[in-house]
Amino acid sequence: MSETTTHIPEEKSRIGAPSIPGFTEEGENLSPINDNDGSPLGGASSKAHSHGGGVGVPDSSRAGRLTSYKVEDFAKLTGREEDWRFTPLKRLKGLHTDELTGAAPKVELTGSDAVVLTEVAADDVLNGIAHTPDDRVSANAWKYASSTQVVTVPKGAEGVQATLRITGESMDAAAQHIIVVAEENTEATIILDHVGSAVLAQNVEFDVRADARLTVISLQAWENDAVHASSQQALVAQGASFKHIVVTFGGDLVRVNPSARFTGERAEIELYGLYFADAGQHLEHRLFVDHAVANCKSNVLYKGALQGKDAHTVWVGDVLIQKAAVGTDSYEANRNLVLTDGARADSVPNLEIETGLIDGAGHASTTGRFDDEHLFYLMARGIDEKTARRLVVRGFLNEIVQQIGDEALQERLTETIEMELAATEN
């Protein structure tokens, strides 16, 4: 287990002194910089690719990752790539190799009448405002998605909530593209509820405009046979706030990649996640927060529980603080609780800093079993061991459940956690 935090005294930032020992005012050159801004997420740190239509080349920096709308620009996967070394490629069922011509999951919108669902062509101008594929599966989904579902929260709407129910009804490999637009000065919660059975490569983009406040809950409640690879990218404008919550329980293999980039100052990004892996499940979450402008704040917290033989979770968190992002305040953490033998959790927090003039930055990662002191404390007060273990797990995960804010969904998740814990005891 490891935990690292860097805090920057406010007075140092004010007087322009190097805020991190060993850094100049311009920071350490952790990734090459040029003026190429062809990628929504690569920003100024992207580098021209030597062939094809892509931007970026693989290197040690998250900012140097190749981005392209053309699947041909991405090399065929071998499993040795850094971005894929934890993923069992054979279980992707062709999402990275095949033509994705199956029927995409059905999409239904319920909730506030203020929220509008429309369908546009795959070449509509809305596509790609907040998203550029940065891996082969995402580019394959871009190629084969026949249309795009667009959810729009109109300017000035407040306190609205809507659910986009995404129902898989086929195991033929398919592609899907969804856009959520939160116009200026809106406040909304959008739930993406994935259910049924599917083999799905999915791109989701969030256009969070000036002073909007958007909460997104991406719930992966698939049947046990589902395979789901979802690239979810956001652009967050000046004064806006974006809260993104991932909840993953279902599916055979689920890989969700949330990314968010600041495009204006005084904005805030919160990325939360909760996952519970059973025997044989592979649940993978890879995050990227790009501090491309000054005076923004981000916070990342993912928590997971694992049980059963060959249960496997992967969490990789990348935070980039670019040279221009002075006054940044950022923290990311991942916590894993292993409930039984035979389960494995991989956790990799990464932090890149290109300027020393920040308010604070840090990361943490812990993976372990039950805290024996917690169990002893509860059992010493007359609580049996089985109940005590349930209380510990509930308390561990409840920090994320409380972030959701929707009582009905929180109750649904609490019931699911209870079902998972009951399976542990049997």
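As the structure is a prediction and not an experimental result, all values here were calculated from the model. (Residues numbered from 1 in each chain as written. Predicted model: local features only at pLDDT ≥ 70, side-chain atom pairs only at ≥ 80, totals over all residues. Heavy atoms only, no water.)

Structural notes on the overall build of the protein chain
1) Next: Scanning the protein chain from terminus to terminus reveals five helices and 17 strands.
2) Next: By sequence separation, contacts in the protein chain at least 24 residues apart represent 83% of the contacts at least 6 residues apart. (Helix = DSSP H or I, 4+ residues; strand = E, 2+ residues; numbered from the N terminus. Contact = heavy atoms within 4.5 Å.)

Quick notes on the environment of Trp-222
1) Next: Among the structural elements, Trp-222 can be located in the loop between strand 7 (213-220) and strand 8 (227-236).
2) Next: A residue is classified by how much of its surface remains accessible, and Trp-222, at 4% relative accessible area, is buried. (Buried < 20%, exposed > 50% of the residue type's maximum accessible area, 1.4 Å probe, protein only.)

Here's the deal with the packing of aromatic side chains
1) Next: Enumeration over the complete set of coordinates arrives at three aromatic pairs.
2) Next: Consider the rings of Tyr-69 and Trp-142, whose centres lie 4.7 Å apart with planes at 50 degrees: the pair is tilted. Taken as a pair, Tyr-69 in the loop between helix 1 (10-15) and strand 2 (106-111) and Trp-142 in helix 2 (residues 136-144) lie far apart in primary sequence, 73 residues in all.
3) Next: Residue class for Tyr-69 comes out partly exposed when judged on its relative accessible area of 37%.
4) Next: The buried category is assigned to Trp-142, whose relative accessible area is 17%.
5) Next: An angle of 45 degrees between the planes, with centres 6.5 Å apart, marks the rings of Tyr-302 and Trp-315 as tilted. (Phe/Tyr/Trp six-rings, centres within 6.5 Å; stacked < 30°, edge-to-face > 60°.)

A closer look at the pattern of salt bridges
1) Next: Throughout the structure, instances matching the rule amount to 21 salt bridges.
2) Next: Among the ionic pairs, Arg-286 bridges to Asp-83, the shortest N-O distance being 3.1 Å. Of this pair, Arg-286 sits in strand 12 (residues 282-291) while Asp-83 sits in the loop between helix 1 and strand 2, and the two are 203 residues apart along the sequence. Neither Arg-286 nor Asp-83 differs from the other in exposure class; each is buried.
3) Next: A salt bridge links Glu-187 to Arg-213; its shortest N-O distance comes to 3.3 Å. Linking Glu-187 in strand 6 (residues 187-208) with Arg-213 in strand 7, this pair joins segments that are 26 residues apart in sequence.
4) Next: Judged by relative accessible area, Glu-187 falls into the partly exposed class, the value being 34%.
5) Next: For Arg-213, a relative accessible area of 36% corresponds to the partly exposed category.
6) Next: Among the charged side chains, a network of salt bridges with common partners joins Arg-65, Asp-83, Asp-134, Arg-255, Glu-284 and Arg-286. (Salt bridge = Lys/Arg side-chain N within 4 Å of Asp/Glu carboxyl O.)

Things to note about the confidence of the model for the protein chain
1) Next: In this model, the protein chain carries a mean pLDDT of 87, and residues with pLDDT of at least 70 account for 85%.
2) Next: Counted against residues more than four places away or in other chains, residues 1-39, with its pLDDT under 50, gives 95 contacts.
3) Next: Across residues 42-58, confidence stays below pLDDT 50; counting only partners more than four residues off in sequence or on other chains, it has 63 contacts. (pLDDT = per-residue confidence, 0-100.)

What about the nonpolar core?
Soluble globular proteins tend to pack their nonpolar side chains together in the buried interior.
1) Next: Grouped together as the largest cluster of nonpolar side chains are 58 residues, with contacts concentrated most on Ile-190, Leu-192, Phe-206, Leu-214, Phe-242, Leu-271 and Tyr-302.
2) Next: When residues of this core are assigned to their parent elements, the largest contribution, eight residues, is made by strand 6.
3) Next: Judged by nonpolar contacts, the second largest core, of 30 residues, contains Leu-378, Val-393, Phe-396 and Val-401. (Core = buried A, V, L, I, M, F, W, Y, C linked by side-chain atoms within 4.5 Å.)

As for the packing of helix 3 (residues 372-379) against helix 4 (residues 385-404)
1) Next: Across the interface, helix 3 lies against helix 4 with an axial gap of 9 Å and an inter-helix angle of 125 degrees. Comparing their axes, helix 4 and helix 3 come out oblique. Here helix 3 runs over helix 4; the crossing is right-handed. Contacts between helix 3 and helix 4 pair His-374, Leu-375, Leu-378 and Met-379 from the former with Glu-385, Ala-388, Arg-389, Leu-391 and Val-392 from the latter.
2) Next: Here the residues of the contact of helix 3 with helix 4 sort into six nonpolar, one polar and two charged. (Axes fitted to C-alpha atoms, helices over the stretch in contact; angles between N-to-C directions. Parallel < 35°, antiparallel > 145°, perpendicular 65-115°, else oblique. Left-handed = near helix turned anticlockwise from the far one by under 90°. Nonpolar A, V, L, I, M, F, W, Y, C, P; charged D, E, K, R; others polar.)

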